[in-house]
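Tertiary structure, described
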Amino acid sequence: MEGGGGGGGGRSPGHCPALALRGDLMAVGGGSRLLAARYREAGCDSLFTYDCINAEKTLGNNGQDENPTDKGSDDILAFAFSPSGDYFALTDDSKRLILFHTKPSWECVSVRSVKRRCTSLIITAADDKILIADKSGDVYSYSITEPQAEGKLELGHLSLLLDVALSPDDQYILTADRDEKIRVSLAKAPYYIVSYCLGHKEFVSKILVIPNYPDLLLSASGDSTLRLWEYKSGEEVYCCHLSTICGPETTKADQPVTDDKGLQKMSKYLQDNWTVFEGFVGTERRYSSLYKASFDNMADYLQRQEERLKQQKKKRQEDLQRGSNGEIKKMKTEESSL
(Lines give C-alpha, C1' and ligand atoms only; values in the text may rest on other atoms or scores of the structure.)
Protein backbone atom coordinates (compact mmCIF):
# COMPACT_ATOMS: atom_id res chain seq x y z
CA MET A 1 0.00 0.00 0.00
CA GLU A 2 1.38 3.36 -1.00
CA GLY A 3 0.79 6.89 0.13
CA GLY A 4 2.16 10.14 -1.21
CA GLY A 5 1.88 13.86 -1.78
CA GLY A 6 2.46 14.75 1.84
CA GLY A 7 -0.33 12.39 2.74
CA GLY A 8 -2.60 13.86 0.09
CA GLY A 9 -2.01 11.58 -2.87
CA GLY A 10 -1.59 7.99 -3.87
CA ARG A 11 -0.63 5.89 -6.84
CA SER A 12 -1.73 2.36 -7.49
CA PRO A 13 1.36 0.36 -8.52
CA GLY A 14 -0.27 -1.61 -11.30
CA HIS A 15 -3.52 -2.78 -9.68
CA CYS A 16 -2.28 -2.70 -6.08
CA PRO A 17 -4.11 -0.70 -3.39
CA ALA A 18 -2.89 2.77 -2.42
CA LEU A 19 -3.77 5.04 0.49
CA ALA A 20 -4.15 8.84 0.71
CA LEU A 21 -4.75 10.96 3.82
CA ARG A 22 -5.68 14.61 4.25
CA GLY A 23 -6.75 15.97 7.62
CA ASP A 24 -9.58 13.77 8.84
CA LEU A 25 -10.12 12.30 5.36
CA MET A 26 -8.83 8.98 4.05
CA ALA A 27 -9.15 7.33 0.65
CA VAL A 28 -8.09 3.88 -0.51
CA GLY A 29 -8.01 2.88 -4.15
CA GLY A 30 -7.30 -0.51 -5.71
CA GLY A 31 -8.34 -1.97 -9.02
CA SER A 32 -11.29 0.14 -10.19
CA ARG A 33 -12.65 0.80 -6.68
CA LEU A 34 -12.38 3.71 -4.28
CA LEU A 35 -13.33 3.80 -0.60
CA ALA A 36 -13.31 7.07 1.36
CA ALA A 37 -14.24 8.10 4.90
CA ARG A 38 -13.72 10.68 7.66
CA TYR A 39 -11.69 8.51 9.96
CA ARG A 40 -11.02 11.15 12.63
CA GLU A 41 -14.52 12.61 12.87
CA ALA A 42 -16.37 11.33 15.92
CA GLY A 43 -19.79 9.86 15.24
CA CYS A 44 -19.20 9.72 11.47
CA ASP A 45 -19.09 6.11 10.32
CA SER A 46 -20.35 6.57 6.77
CA LEU A 47 -18.23 5.12 3.97
CA PHE A 48 -18.20 6.55 0.45
CA THR A 49 -17.67 4.00 -2.32
CA TYR A 50 -17.07 4.53 -6.02
CA ASP A 51 -16.34 2.12 -8.86
CA CYS A 52 -14.78 3.47 -12.07
CA ILE A 53 -16.52 0.70 -14.01
CA ASN A 54 -19.72 2.68 -13.49
CA ALA A 55 -18.22 6.05 -14.49
CA GLU A 56 -19.72 7.68 -17.55
CA LYS A 57 -17.86 7.33 -20.83
CA THR A 58 -16.03 10.43 -21.98
CA LEU A 59 -16.64 11.78 -25.46
CA GLY A 60 -14.21 13.43 -27.84
CA ASN A 61 -14.80 16.76 -29.57
CA ASN A 62 -16.72 15.01 -32.35
CA GLY A 63 -19.13 13.40 -29.90
CA GLN A 64 -17.64 9.94 -30.37
CA ASP A 65 -16.02 7.70 -27.79
CA GLU A 66 -12.48 8.89 -27.12
CA ASN A 67 -9.93 6.44 -28.63
CA PRO A 68 -12.40 3.55 -29.06
CA THR A 69 -9.61 1.15 -30.08
CA ASP A 70 -7.60 1.87 -26.93
CA LYS A 71 -9.98 0.74 -24.22
CA GLY A 72 -8.60 0.68 -20.69
CA SER A 73 -9.33 -1.56 -17.75
CA ASP A 74 -10.96 1.12 -15.52
CA ASP A 75 -8.25 0.53 -12.90
CA ILE A 76 -7.31 3.57 -10.84
CA LEU A 77 -3.83 4.85 -11.73
CA ALA A 78 -3.40 7.87 -9.43
CA PHE A 79 -5.37 10.04 -7.03
CA ALA A 80 -4.92 12.99 -4.67
CA PHE A 81 -6.67 15.25 -2.20
CA SER A 82 -6.39 18.99 -2.55
CA PRO A 83 -4.36 20.67 0.25
CA SER A 84 -7.60 21.99 1.76
CA GLY A 85 -9.25 18.57 1.55
CA ASP A 86 -12.23 20.10 -0.28
CA TYR A 87 -11.50 18.24 -3.52
CA PHE A 88 -10.34 14.80 -4.57
CA ALA A 89 -9.30 13.75 -8.07
CA LEU A 90 -8.42 10.41 -9.66
CA THR A 91 -7.48 9.10 -13.08
CA ASP A 92 -8.03 5.61 -14.42
CA ASP A 93 -6.72 3.30 -17.11
CA SER A 94 -9.57 4.36 -19.41
CA LYS A 95 -7.97 7.82 -19.51
CA ARG A 96 -10.62 9.57 -17.45
CA LEU A 97 -10.12 12.34 -14.90
CA ILE A 98 -12.81 12.18 -12.21
CA LEU A 99 -13.25 15.11 -9.81
CA PHE A 100 -15.05 14.90 -6.46
CA HIS A 101 -16.15 17.49 -3.93
CA THR A 102 -15.66 16.07 -0.42
CA LYS A 103 -17.56 18.57 1.73
CA PRO A 104 -20.10 18.49 3.24
CA SER A 105 -20.43 15.03 1.64
CA TRP A 106 -18.69 13.22 -1.22
CA GLU A 107 -20.06 14.09 -4.65
CA CYS A 108 -18.79 13.46 -8.19
CA VAL A 109 -18.39 16.85 -9.91
CA SER A 110 -17.16 15.89 -13.38
CA VAL A 111 -15.72 13.16 -15.59
CA ARG A 112 -13.30 14.31 -18.31
CA SER A 113 -11.01 12.57 -20.76
CA VAL A 114 -7.23 13.02 -20.53
CA LYS A 115 -4.78 12.82 -23.42
CA ARG A 116 -2.77 9.84 -22.17
CA ARG A 117 -2.61 7.49 -19.21
CA CYS A 118 -1.55 9.24 -16.04
CA THR A 119 1.32 8.36 -13.70
CA SER A 120 0.78 11.01 -11.01
CA LEU A 121 -1.39 14.00 -10.21
CA ILE A 122 -1.55 16.86 -7.72
CA ILE A 123 -3.99 19.68 -6.93
CA THR A 124 -2.82 23.26 -6.43
CA ALA A 125 -2.97 24.94 -3.02
CA ALA A 126 -5.39 27.46 -4.54
CA ASP A 127 -7.82 24.61 -5.33
CA ASP A 128 -8.13 25.88 -8.90
CA LYS A 129 -6.13 23.34 -10.98
CA ILE A 130 -5.22 19.69 -11.23
CA LEU A 131 -1.78 18.91 -12.66
CA ILE A 132 -1.43 15.52 -14.35
CA ALA A 133 1.84 13.85 -15.37
CA ASP A 134 1.58 11.18 -18.06
CA LYS A 135 3.58 8.37 -19.61
CA SER A 136 4.66 10.44 -22.61
CA GLY A 137 6.49 12.92 -20.36
CA ASP A 138 3.93 15.74 -20.46
CA VAL A 139 2.16 17.68 -17.70
CA TYR A 140 -1.35 18.95 -18.36
CA SER A 141 -3.44 21.24 -16.16
CA TYR A 142 -7.20 20.87 -15.73
CA SER A 143 -9.41 23.55 -14.24
CA ILE A 144 -11.40 22.89 -11.08
CA THR A 145 -13.40 26.11 -11.33
CA GLU A 146 -14.45 25.05 -14.85
CA PRO A 147 -14.91 21.32 -14.24
CA GLN A 148 -15.76 20.46 -17.86
CA ALA A 149 -12.91 22.40 -19.49
CA GLU A 150 -10.27 20.54 -21.51
CA GLY A 151 -6.68 20.22 -20.37
CA LYS A 152 -3.85 22.62 -21.16
CA LEU A 153 -0.29 21.45 -21.89
CA GLU A 154 2.07 22.99 -19.33
CA LEU A 155 5.45 21.31 -19.92
CA GLY A 156 7.12 18.20 -21.27
CA HIS A 157 10.06 15.86 -20.69
CA LEU A 158 11.76 13.57 -23.19
CA SER A 159 11.22 10.66 -20.80
CA LEU A 160 8.42 8.93 -18.90
CA LEU A 161 7.28 11.05 -15.94
CA LEU A 162 6.85 9.25 -12.63
CA ASP A 163 5.81 12.07 -10.28
CA VAL A 164 4.78 15.71 -10.14
CA ALA A 165 4.80 18.06 -7.13
CA LEU A 166 4.16 21.71 -6.34
CA SER A 167 5.73 24.20 -3.98
CA PRO A 168 3.32 25.23 -1.19
CA ASP A 169 2.84 28.66 -2.81
CA ASP A 170 2.12 27.12 -6.25
CA GLN A 171 5.05 29.04 -7.76
CA TYR A 172 7.10 26.02 -8.83
CA ILE A 173 6.25 22.77 -10.63
CA LEU A 174 8.59 19.89 -9.83
CA THR A 175 8.71 16.83 -12.08
CA ALA A 176 10.62 13.54 -11.80
CA ASP A 177 11.35 11.20 -14.69
CA ARG A 178 12.71 7.81 -15.63
CA ASP A 179 16.09 9.25 -16.66
CA GLU A 180 17.19 10.17 -13.10
CA LYS A 181 16.23 13.85 -13.48
CA ILE A 182 14.22 16.19 -11.27
CA ARG A 183 13.24 19.40 -13.02
CA VAL A 184 12.09 22.60 -11.31
CA SER A 185 9.97 24.87 -13.53
CA LEU A 186 8.30 28.21 -12.96
CA ALA A 187 4.54 27.63 -12.73
CA LYS A 188 3.58 30.89 -14.46
CA ALA A 189 6.01 30.17 -17.30
CA PRO A 190 6.69 26.39 -17.30
CA TYR A 191 9.04 26.68 -20.29
CA TYR A 192 11.44 28.49 -17.93
CA ILE A 193 13.53 25.89 -16.09
CA VAL A 194 14.72 27.14 -12.70
CA SER A 195 17.03 24.22 -11.91
CA TYR A 196 17.73 20.51 -12.20
CA CYS A 197 18.34 18.25 -9.20
CA LEU A 198 20.83 15.70 -10.51
CA GLY A 199 22.53 12.86 -8.66
CA HIS A 200 20.28 9.81 -8.74
CA LYS A 201 21.62 6.81 -10.67
CA GLU A 202 18.23 5.28 -11.49
CA PHE A 203 14.68 6.49 -12.12
CA VAL A 204 13.20 8.96 -9.62
CA SER A 205 10.01 7.34 -8.34
CA LYS A 206 8.74 9.92 -5.83
CA ILE A 207 9.28 13.57 -4.89
CA LEU A 208 7.88 15.53 -1.96
CA VAL A 209 8.24 19.16 -0.89
CA ILE A 210 8.58 18.75 2.86
CA PRO A 211 5.73 20.26 4.90
CA ASN A 212 6.87 23.22 7.02
CA TYR A 213 10.16 23.33 5.03
CA PRO A 214 8.96 24.78 1.70
CA ASP A 215 12.48 25.13 0.22
CA LEU A 216 13.43 21.48 0.71
CA LEU A 217 12.59 18.54 -1.54
CA LEU A 218 12.83 14.84 -0.68
CA SER A 219 13.25 12.33 -3.50
CA ALA A 220 13.23 8.53 -3.70
CA SER A 221 14.81 6.50 -6.48
CA GLY A 222 15.38 3.03 -7.86
CA ASP A 223 19.03 3.44 -6.81
CA SER A 224 17.87 2.77 -3.21
CA THR A 225 18.61 6.28 -1.96
CA LEU A 226 16.64 9.09 -0.40
CA ARG A 227 18.04 12.52 -1.26
CA LEU A 228 17.34 15.93 0.22
CA TRP A 229 17.60 18.98 -2.04
CA GLU A 230 17.43 22.73 -1.97
CA TYR A 231 15.44 22.47 -5.13
CA LYS A 232 15.53 26.11 -6.28
CA SER A 233 19.30 25.90 -6.66
CA GLY A 234 19.44 22.18 -7.48
CA GLU A 235 21.91 21.58 -4.63
CA GLU A 236 21.92 18.19 -2.92
CA VAL A 237 21.89 18.57 0.87
CA TYR A 238 21.99 14.96 2.01
CA CYS A 239 21.92 11.42 0.63
CA CYS A 240 20.71 8.41 2.60
CA HIS A 241 21.51 4.92 1.30
CA LEU A 242 18.56 2.80 2.36
CA SER A 243 20.56 -0.42 2.20
CA THR A 244 22.55 0.77 5.23
CA ILE A 245 19.50 1.25 7.45
CA CYS A 246 16.94 -1.32 6.26
CA GLY A 247 17.22 -4.60 8.11
CA PRO A 248 15.02 -7.69 8.14
CA GLU A 249 11.41 -7.03 9.05
CA THR A 250 10.27 -8.12 12.49
CA THR A 251 6.75 -8.29 13.86
CA LYS A 252 5.45 -8.75 17.35
CA ALA A 253 2.35 -10.86 17.69
CA ASP A 254 -0.65 -9.65 19.68
CA GLN A 255 0.72 -6.10 19.97
CA PRO A 256 -1.59 -3.14 19.21
CA VAL A 257 -0.30 -1.07 16.28
CA THR A 258 -1.38 2.25 17.81
CA ASP A 259 -3.46 3.80 20.56
CA ASP A 260 -4.66 6.54 18.21
CA LYS A 261 -8.45 6.24 17.94
CA GLY A 262 -8.49 7.70 14.42
CA LEU A 263 -5.91 5.24 13.13
CA GLN A 264 -7.73 2.37 14.80
CA LYS A 265 -10.91 3.46 13.04
CA MET A 266 -9.07 3.66 9.71
CA SER A 267 -7.60 0.18 10.25
CA LYS A 268 -11.08 -1.19 10.95
CA TYR A 269 -12.41 0.35 7.71
CA LEU A 270 -9.62 -1.39 5.80
CA GLN A 271 -10.07 -4.73 7.54
CA ASP A 272 -13.84 -4.72 7.08
CA ASN A 273 -13.53 -3.94 3.37
CA TRP A 274 -10.31 -5.73 2.52
CA THR A 275 -12.09 -8.28 0.34
CA VAL A 276 -12.67 -5.44 -2.15
CA PHE A 277 -8.90 -5.11 -2.71
CA GLU A 278 -7.58 -8.54 -1.80
CA GLY A 279 -7.48 -9.81 -5.36
CA PHE A 280 -5.30 -6.90 -6.47
CA VAL A 281 -2.51 -7.25 -3.92
CA GLY A 282 0.86 -8.18 -5.38
CA THR A 283 -0.43 -8.60 -8.94
CA GLU A 284 2.23 -6.41 -10.52
CA ARG A 285 5.46 -4.57 -9.69
CA ARG A 286 5.26 -0.97 -10.82
CA TYR A 287 8.94 -0.20 -11.19
CA SER A 288 10.54 -3.51 -12.21
CA SER A 289 10.62 -2.58 -15.90
CA LEU A 290 12.23 0.83 -15.29
CA TYR A 291 15.69 -0.29 -14.22
CA LYS A 292 18.50 0.17 -16.70
CA ALA A 293 19.42 -2.96 -18.58
CA SER A 294 22.99 -4.14 -17.95
CA PHE A 295 25.06 -6.22 -20.33
CA ASP A 296 28.26 -8.17 -19.60
CA ASN A 297 30.04 -7.20 -22.83
CA MET A 298 33.44 -8.18 -21.42
CA ALA A 299 32.44 -11.85 -21.14
CA ASP A 300 31.24 -11.86 -24.76
CA TYR A 301 34.42 -10.10 -25.88
CA LEU A 302 36.70 -12.59 -24.13
CA GLN A 303 34.77 -15.53 -25.58
CA ARG A 304 34.99 -14.14 -29.12
CA GLN A 305 38.71 -13.39 -28.63
CA GLU A 306 39.37 -16.96 -27.50
CA GLU A 307 37.55 -18.31 -30.55
CA ARG A 308 39.61 -16.06 -32.85
CA LEU A 309 42.86 -17.23 -31.25
CA LYS A 310 41.84 -20.86 -31.72
CA GLN A 311 41.00 -20.23 -35.37
CA GLN A 312 44.34 -18.45 -35.94
CA LYS A 313 46.27 -21.28 -34.28
CA LYS A 314 44.43 -23.86 -36.36
CA LYS A 315 45.14 -21.90 -39.56
CA ARG A 316 48.86 -21.67 -38.74
CA GLN A 317 48.99 -25.41 -38.11
CA GLU A 318 47.24 -26.07 -41.43
CA ASP A 319 49.66 -23.74 -43.22
CA LEU A 320 52.63 -25.49 -41.64
CA GLN A 321 51.20 -28.86 -42.56
CA ARG A 322 50.67 -27.78 -46.19
CA GLY A 323 54.18 -26.36 -46.32
CA SER A 324 55.67 -29.53 -44.91
CA ASN A 325 53.76 -31.68 -47.41
CA GLY A 326 54.94 -29.44 -50.25
CA GLU A 327 58.63 -29.83 -49.31
CA ILE A 328 58.33 -33.62 -49.11
CA LYS A 329 56.63 -33.77 -52.52
CA LYS A 330 59.35 -31.55 -54.04
CA MET A 331 62.12 -33.74 -52.66
CA LYS A 332 60.52 -36.90 -54.10
CA THR A 333 60.18 -35.24 -57.52
CA GLU A 334 63.88 -34.26 -57.55
CA GLU A 335 64.96 -37.78 -56.54
CA SER A 336 62.93 -39.38 -59.32
CA SER A 337 64.44 -37.05 -61.93
CA LEU A 338 67.96 -38.16 -60.97
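Let me sum up the structure you'll find in this document. (Residues numbered from 1 in each chain as written. Predicted model: local features only at pLDDT ≥ 70, side-chain atom pairs only at ≥ 80, totals over all residues. Heavy atoms only, no water.)

1. Things to note about the packing of aromatic side chains
Applying the stated rule across the entire model yields 11 aromatic pairs. Considering the side-chain rings of Phe-48 and Trp-106, the 5.1 Å spacing of their centres and the 20° angle between planes classify their relative orientation as stacked. One end of the pair, Phe-48, is in strand 5 (residues 47-51); the other, Trp-106, is in the loop between strand 8 (96-101) and strand 9 (107-113), with 58 residues separating them in the sequence. Taken as a pair, Phe-48 and Trp-106 share a single burial class, namely buried. Taken together, a centroid distance of 6.2 Å and an interplanar angle of 75° make the contact between Tyr-172 and Tyr-231 edge-to-face. With Tyr-172 in strand 15 (residues 172-177) and Tyr-231 in the loop between strand 20 (225-230) and strand 21 (235-241), this residue pair connects regions lying 59 residues apart in the sequence. Following the ring pairs from residue to residue traces out a cluster consisting of Phe-48, Tyr-50, Phe-79, Phe-81, Phe-88, Phe-100 and Trp-106. (Phe/Tyr/Trp six-rings, centres within 6.5 Å; stacked < 30°, edge-to-face > 60°. Helix = DSSP H or I, 4+ residues; strand = E, 2+ residues; numbered from the N terminus. Buried < 20%, exposed > 50% of the residue type's maximum accessible area, 1.4 Å probe, protein only.)

2. Considerations on the side chain of Ser-110
Positionally, Ser-110 belongs in strand 9. Its relative accessible area of 3% is what places Ser-110 among the buried residues. A polar side-chain atom of Ser-110 sits 2.9 Å from the main-chain carbonyl oxygen of Pro-147. Dropping the residues within four chain positions of it, Ser-110 is found in contact with Leu-97, Ile-98, Leu-99, Pro-147 and Gln-148. (Polar contact = N/O pair within 3.5 Å; in protein donor to acceptor, adjacent residues only side chain to side chain. Contact = heavy atoms within 4.5 Å.)

3. Let's talk about the nonpolar core
Counting residues in each nonpolar core, the largest one holds 19 residues, and the members touching the most others are Leu-34, Tyr-50, Phe-88, Leu-90, Ile-98, Phe-100 and Trp-106. Mapped onto this core, the elements with two or more residues apiece are strand 2 (18-22), strand 3 (25-30), strand 4 (33-38), strand 5, strand 6 (76-81), strand 7 (87-92) and strand 8. Ranked by residue count, the leading element in this core is strand 6, at 3 residues. Excluding anything up to four places from it in sequence, Phe-88 contacts Ala-27, Leu-34, Phe-79, Ala-80, Phe-81, Ile-98, Leu-99, Phe-100, Thr-102 and Trp-106. (Core = buried A, V, L, I, M, F, W, Y, C linked by side-chain atoms within 4.5 Å.)

4. Topic: the environment of Glu-235
Tracing the backbone shows Glu-235 in strand 21. Taking relative accessible area as the criterion, Glu-235 reaches 46% and is therefore assigned partly exposed. Aside from chain neighbours lying at most four places away, what touches Glu-235 is Leu-228, Trp-229 and Glu-230.

5. Notes on the sheet that holds strand 14 (residues 161-166)
Sheet architecture is open: 4 strands sit in the order 14-15-16-17, paired in antiparallel fashion. Whereas interior strands pair on both sides, the edge strands pair on one side only; in this sheet they are strand 14 and strand 17 (189-197). Within the sheet, the average angular offset between the axes of one strand and its neighbour, ignoring direction, is 25°. The pairing of strand 16 (residues 182-186) with strand 17 spans 5 bridges and is antiparallel. Bridging across to strand 17, Ser-185 finds its partner in Ile-193. (Pairing = 2+ DSSP bridges. Axes fitted to C-alpha atoms, helices over the stretch in contact; angles between N-to-C directions.)

6. Things to note about the sheet that holds strand 11 (residues 129-134)
Taken together, 4 strands build an open sheet; the order of strands is 10-11-12-13 and the sheet is antiparallel. Of all strands in the sheet, those bounded by a partner on one side alone are strand 10 (118-123) and strand 13 (152-156). Strand-to-strand twist of the sheet, defined as the mean angle between neighbouring strand axes without regard to direction, takes the value 25°. With 5 bridges joining them, strand 11 and strand 12 (residues 138-143) adopt antiparallel strand pairing. Across the sheet, Leu-131 pairs through a bridge with Ser-141, a residue of strand 12.

That's the geometry; what it means functionally is another story.
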